[in-house]
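What follows is each chain in one-letter form.
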2 protein chains.
Amino acid sequence: MKNSPLLIILCIWIASSNSSAQHHADYERSRWLAAASNFEPQLFTQVKRPVRVVSTTEDESAFQGIGVVFKENTDLFFNTSAKENSGKILDFGEHLTGHVTFSVEQIGLIFDGAIRLKFTFGETPSEVATSFDSYNGTLSRAWLQDETITITEMPSSVTFSRRLAFRYVKMEVVGCSDFADFKVSGLYVSASTSAKARVDSLPASTSKLIKKIDQVALHTLSECMQTVFEDGPKRDRRLWIGDLYLQMLANHHSFKNDSLVKHCLYLIAGLSYDNGTVPPTLYERPVPNAPDSPLLDYALIYNVILREYLLQTGDTRTIEDLWPVAKKQVENTMSYINNDGLVDYERTDKDWWIFFDWHEKLDKQTSLQGCMIWAYQQTYDLAKILGKEGEVEYLPELTQRMSKAALDSLYDNKMGVFFSGADKQVSYASQAWMILSGVASKVIGSNALQNLNQLEGVTKPGSPYLYHFVIEAMIKVGLEEDARKRLENYWGGMINKGADTFWEVYRPEDDFASPYNAHLVNSYCHAWSCTPVYFIRKYPHIFK
Amino acid sequence: MKNSPLLIILCIWIASSNSSAQHHADYERSRWLAAASNFEPQLFTQVKRPVRVVSTTEDESAFQGIGVVFKENTDLFFNTSAKENSGKILDFGEHLTGHVTFSVEQIGLIFDGAIRLKFTFGETPSEVATSFDSYNGTLSRAWLQDETITITEMPSSVTFSRRLAFRYVKMEVVGCSDFADFKVSGLYVSASTSAKARVDSLPASTSKLIKKIDQVALHTLSECMQTVFEDGPKRDRRLWIGDLYLQMLANHHSFKNDSLVKHCLYLIAGLSYDNGTVPPTLYERPVPNAPDSPLLDYALIYNVILREYLLQTGDTRTIEDLWPVAKKQVENTMSYINNDGLVDYERTDKDWWIFFDWHEKLDKQTSLQGCMIWAYQQTYDLAKILGKEGEVEYLPELTQRMSKAALDSLYDNKMGVFFSGADKQVSYASQAWMILSGVASKVIGSNALQNLNQLEGVTKPGSPYLYHFVIEAMIKVGLEEDARKRLENYWGGMINKGADTFWEVYRPEDDFASPYNAHLVNSYCHAWSCTPVYFIRKYPHIFK
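Scoring rules and cut-offs
Residues numbered from 1 in each chain as written. Chains lettered and ligands numbered in written order. Predicted model: local features only at pLDDT ≥ 70, side-chain atom pairs only at ≥ 80, totals over all residues. Heavy atoms only, no water. Contact = heavy atoms within 4.5 Å. Buried area = accessible area lost by both parts, 1.4 Å probe. Salt bridge = Lys/Arg side-chain N within 4 Å of Asp/Glu carboxyl O. Polar contact = N/O pair within 3.5 Å; in protein donor to acceptor, adjacent residues only side chain to side chain. Helix = DSSP H or I, 4+ residues; strand = E, 2+ residues; numbered from the N terminus. Least-squares fit on C-alpha atoms with pLDDT ≥ 70 in both. Core = buried A, V, L, I, M, F, W, Y, C linked by side-chain atoms within 4.5 Å. Buried < 20%, exposed > 50% of the residue type's maximum accessible area, 1.4 Å probe, protein only. Axes fitted to C-alpha atoms, helices over the stretch in contact; angles between N-to-C directions. Left-handed = near helix turned anticlockwise from the far one by under 90°. Nonpolar A, V, L, I, M, F, W, Y, C, P; charged D, E, K, R; others polar.

1. Focus: the interface of chain B and chain A
Contacts between the two partners involve 44 residues from chain B, matched on the other side by 44 residues from chain A. Carbon and sulfur atoms supply 55% of the area buried between chain B and chain A, which totals about 3,600 Å² over both sides. Between the two partners, chain B and chain A, sit 4 salt bridges. D146 of chain B is paired through a salt bridge with R116 of chain A; the nearest N and O atoms lie 3.1 Å apart. Scanning the region where chain B abuts chain A turns up 18 residue pairs in polar contact (both at pLDDT 80 or more). Residue assignment for the side of chain B that touches chain A shows that the elements contributing at least two residues are helix 1 (4–16), strand 5 (115–122), strand 6 (146–151) and strand 8 (164–175) of chain B.

Here's what the structure looks like:
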């Protein structure tokens, strides 16, 4: 029977929930979910219309080889034959997220048959220039944003039930009587965001490039701020702890929607698994629910977010309420530390998903060691702020032991870099996490990062997500100039390629890189890419 | 400027409507439209669910080479993985017309991506077995009934905005995460018709075949009875005068929804052109409107319907109200009769669309001559019933002159058949219309029809529509046995090929015949095919 595994899980859950401890945990989770619903964010919506009609062109210098050129004004488009306009692309001039409505009106005296329209929505030009028919990605084809609709009456107005995220909309007439004609007389999006606050301008002296990066990062962030902090409004449209961490850092320096952070923290706590581990991601609708796939680095980052949120807001009441969740993340992960102070990667890898970066070849052992130390330290610091350090009194000894083990076992004195795994892989990730954890002193860390430049075969970051931790590590060890260059080159590189929101994946050498075997399904407005907002505004003396 | 022709037409219309005669005509049309809305029919809806799951098979003996075989019960389908069920076909066991709703539910603990479902609705097995991708028909692709929808939340329930007409529904999963699964947990149609009355059973002694033909014809009729008498609920979904004539004949002997006939008669009158000619077809929504394409035989048949309706119902008030419309149809067509009493086909063909049958090679001159005489005679008869024969006192002389001319010029004494056009084409259509008009006496007509059997190259009927007039003509000249055989062979032939509603086009020698270069867009539940209901019930001594 197909349902057996599900039934077994349910039975185990029901059986286990008979204990009084479980009853208490159930009660706490419902209470946290209720608290989350008390902080439902308000969505601000605004009607936005396309600003011009464009066509795509093959352009080697453009991102993914597809550029756009101005074709005509939208007035012309909305007042002429849809048949003649078939294939044209409406450009909204900016990335928008929301519900799209279009209207059609008959031209001439005859409307003698149903019509069939296809709309393709793209965050980038290539999405509206490339057929989806040969899609062969590992993610659901349904994420691609094309909608075909049949209309049997004129005039008609249609709102797509699906929320869309796009800048470009291609319209195609795929069915119409030869004897009739009609026009697409209007198309707009009711664009939504929960980011509304006016954001302070950067100092006038700030460079053009930094200003531009900041502006695109702000727009990326605001597009991802919906009823939760989403990872990407096109895909997956959901809260992930890793993205949330970078978003809450950027949000604190910009839109300051603390209530949205609190809403997310309570949602996550309310959906924690029976053993207390927080889920790495969740779905809000139809009712809040989370997939059963614990992710170790994200579970730990939850604690880091709690501490950061408390420092940002002083909201002791919320963080005291959620403190038991933080403790659980430590308790459920420390058993993977061997007596020698090193994380048992093999065992961990069996029980957990471990992320750190979209990089098919990254060895994650050293990063995990660093991330655990870093998160445990911050958890202990949080406990101290709350006056609860007695509850986690074992942490200082543990992190010291782990730090010593790391320096003893994962650092190559001769080469001056940290390595990871049996093959002694040298990566940006390992150096960054050894620095952020404090395993690497300022001198060792600074040298390690600089030594990477001289080495061959260094594993580079695969996504903006890891870039955040690398830049943070650079700043921590005083490589401020390197940090600035790195940010300018990486995010500036996206801007040079035409980004008006920052991407989920960017590899300067490969425009088509995709963790899903299909660049079309990549998210091109992705939360974890908003981090320049944080860096530029937290460190104005560096990013100027 | 694209709109110029339309603007010119509008200007002419505005200019012409300045006359007081035009003001009166405008007033009458509004009044008739208002009357139509007073007789809006009631739609009766009923929830219907599929009765089994089938798959299609290649089967030379089946219609269009596609048969269906039982696969499983629907319970299984609705309770198992949609991924596993992708491609399966739900069979509702009967043709239904209405709005379809389906629901989806998650299976298992994970739903980590949007899903994309494609539903294909077919009146026949071949529509759900054949890809629409290579559609190359002359009608809008939009008539084909496939709908693709993206769903981003679980569970969901979706109602297609488009009304559908079908017996079979193929479900395909075209997008889903590899890690998640779901089921289509329900699918139903809210089926509608304005035919509700209980229909009298045929005498128990009636043959099985006639009973079956009657039942399928009744279902065809009831499916086409919506807010108007539609030609076909899949396509074009609208009122046509030719179909209306056959429908009102069948309706009178079955569902007896006289109010629906009246509604249609008023709609047509209310949308008559400025010169008083009635439109051959119209659209109800969003507001009643008609295309500008006058069709001569249909304009004349309007008068025949008025007379028939009056005889059926005794509703003198309605028909007196509409009498001016009938007069206009005569006045606007008689100018095409030359002094010799023959219709000037060339001139007529320039100004009018002339139909009579879906047959690419039919010469229509003689049919038109007959149809005009027939309609003028019935109009005069109608005038007499209303006591208004003085208003059309010229008609008896005109029809006599036309009849004499026809017999003198269109009848081949030697061959004993009527011919048509410069190439002297011999067709069923010409014999039928010469008989119905009374040009052919019982003897001449009977011989003419029988002589067709001996001749080579006779143009046969191309559609059930013309078959109606041929069978009516056979009965008129006493060829009752031939009429019975013809009906049994033709409509029985569709039943032998699996029809559960009768088709728009049926040519025994070619399952793929289509006036639109694509059998997929043919209507397979088509009003003009319902005529056996009329014959079987009006002439029980023949069809027994």
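2. Looking at the relation of the copies chain B and chain A
The transform that puts chain B on chain A rotates by 180° and translates by 0.0 Å along the axis, for an RMSD of 0.1 Å. Taken together, the rotation angle and the small translation identify this as a two-fold axis. For chain B, the residue whose C-alpha comes nearest the rotation axis is T148 of chain B, separated from it by 3.4 Å. A symmetric contact is evident, with 100% of the interface residues of chain B recurring at the interface of chain A.

3. Re the nonpolar core
Judged by nonpolar contacts, the single largest core of 131 residues is most densely connected at Y302, W374 and F543 of chain B. Not counting the four nearest positions on each side in its chain, F543 of chain B is found in contact with T206, I210, I471, I475, A483, R484, L487, F535 and I536 of chain B. Core analysis: the second largest hydrophobic core is formed by 130 residues, V278, L362, M402 and A406 of chain A among them.

4. Details of the packing of helix 10 (residues 316–331) of chain A against helix 12 (residues 365–386) of chain A
Residues and elements named next belong to chain A. It is at 11 Å that the axes of helix 10 and helix 12 come closest, and there the two elements cross at 140°. Viewed along their axes, helix 10 and helix 12 form a crossing whose handedness is left-handed. Every residue of helix 12 that contacts helix 10 at T316, I319, E320, W323, A326 and V330 is listed here: Y376, T379, L382, A383 and L386. Grouping the amino acids of the contact of helix 10 with helix 12 by side-chain chemistry returns 8 nonpolar, 2 polar and 1 charged.

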